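Commentary on secondary and tertiary structure
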Amino acid sequence: ALSKLSYAKNYGTNAHYYKLTVNIDLSGANWQPICSNGITGWPGSEWYANGDYAFGGGFDGNNKTITLKIDSAGSYAMGLFSGLRGTIKNLTVNGSVNAAGYSGAVVGRVYNGALIEGVTNNANVTAAGEHIGGLVGTAINNSVATFKNCVNNGSVTGAKSHVAGILGQAYASI
């Protein structure tokens, strides 16, 4: 079911709610982020600016773990989710993410109204570009995003600016 969400665009409203019931290991496949619509490379400024390709529903990890392997050095907005306007809570992420930029282990970009609560990242995040975070790469467009009780234990490495443990760059109120 998660892989079907990878090819969605702007998916989910408050009526769309998902709850994990088991740990999931995605490390055997190169993961395509939820709501990325299969885009690789730099998808264009309209993708970045207006919140297209962002999950707007609720995702409850139910204190379970998802293990990722993302090896997409030429792509942006990598993570379990490409973008987020909704809620992610009670989740642990393990594994590794290798991207071009604007990426984190949990979400590439957060938008207005995004809430990330009770999330732990143990994945290592590496990028050749900028806006790299352990949990989230960037919060953009004067969005109001909320982080509660989140922890980053993974290493975060970026070759350029805006590299940090929880959130790489904020163009927003956090």
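Above this text you will find the structure in question.
Notes on the structure follow. (Residues numbered from 1 in each chain as written. Predicted model: local features only at pLDDT ≥ 70, side-chain atom pairs only at ≥ 80, totals over all residues. Heavy atoms only, no water.)

**Some details on the side chain of serine 72**
Tracing the chain through its elements places serine 72 in strand 3 (residues 58-76). Given a relative accessible area of 15%, serine 72 falls into the buried group. When near neighbours in sequence (up to four residues on either side) are disregarded, serine 72 contacts Met78, Asn98, Ala99 and Ala100. (Helix = DSSP H or I, 4+ residues; strand = E, 2+ residues; numbered from the N terminus. Buried < 20%, exposed > 50% of the residue type's maximum accessible area, 1.4 Å probe, protein only. Contact = heavy atoms within 4.5 Å.)

**Concerning the environment of leucine 91**
Tracing the chain through its elements places leucine 91 in strand 5 (residues 87-101). Exposure remark for leucine 91: the relative accessible area of 1% places this residue in the buried category. For leucine 91, the contacting residues outside a window of four places in its chain are Leu20, Phe59, Gly61, Lys64, Ile66, Leu80, Gly118, Val119 and Thr120.

**Concerning the sheet that holds strand 4 (residues 81-84)**
The strand order across the open sheet formed by 4 strands is 4-7-11-16, and the pairing between neighbours is parallel. A single partner strand is all that each edge strand has here, and the edge strands are strand 4 and strand 16 (167-170). Recorded for the sheet is a direction-independent mean angle of 15° between the axes of neighbouring strands. Of the pairings in the sheet, the one linking strand 7 (residues 107-110) to strand 11 (residues 136-139) comprises 3 bridges and is parallel in character. Residue valine 110 lies in a different strand from strand 11, and its bridge partner there is alanine 139. (Pairing = 2+ DSSP bridges. Axes fitted to C-alpha atoms, helices over the stretch in contact; angles between N-to-C directions.)

**Observations concerning the pairing of strand 7**
When strand 4 meets strand 7, the two strands line up parallel, connected through 3 bridges. Paired with leucine 84 across the two strands is valine 110, which belongs to strand 7.

**Here we look at the packing of aromatic side chains**
Summed over all chains, the structure comprises 4 aromatic pairs. Consider the rings of tyrosine 18 and phenylalanine 55, whose centres lie 6.1 Å apart with planes at 50°: the pair is tilted. In this pair, tyrosine 18 sits in strand 1 (residues 17-19) while phenylalanine 55 sits in the loop between helix 2 (45-50) and strand 3, placing the two residues 37 residues apart along the sequence. Exposure remark for phenylalanine 55: the relative accessible area of 0% places this residue in the buried category. A ring pair is formed by phenylalanine 55 and phenylalanine 81, whose centres lie 5.3 Å apart and whose planes are at 50°; its orientation type is tilted. Of this pair, phenylalanine 55 sits in the loop between helix 2 and strand 3 while phenylalanine 81 is found in strand 4, placing the two residues 26 residues apart along the sequence. You can call phenylalanine 81 buried: its relative accessible area is 0%. (Phe/Tyr/Trp six-rings, centres within 6.5 Å; stacked < 30°, edge-to-face > 60°.)

**Let's talk about the sheet that holds strand 6 (residues 103-104)**
Within the open sheet, the 3 strands sit side by side as 6-10-15. Their pairing is parallel. Here the strands that pair on one side only, and so sit at the sheet edges, are strand 6 and strand 15 (163-164). Two strands pair when backbone bridges link them, and strand 6 and strand 10 (residues 132-133) are joined in this way by 2 bridges, in the parallel orientation. Bridging across to strand 10, glycine 104 finds its partner in glycine 133.

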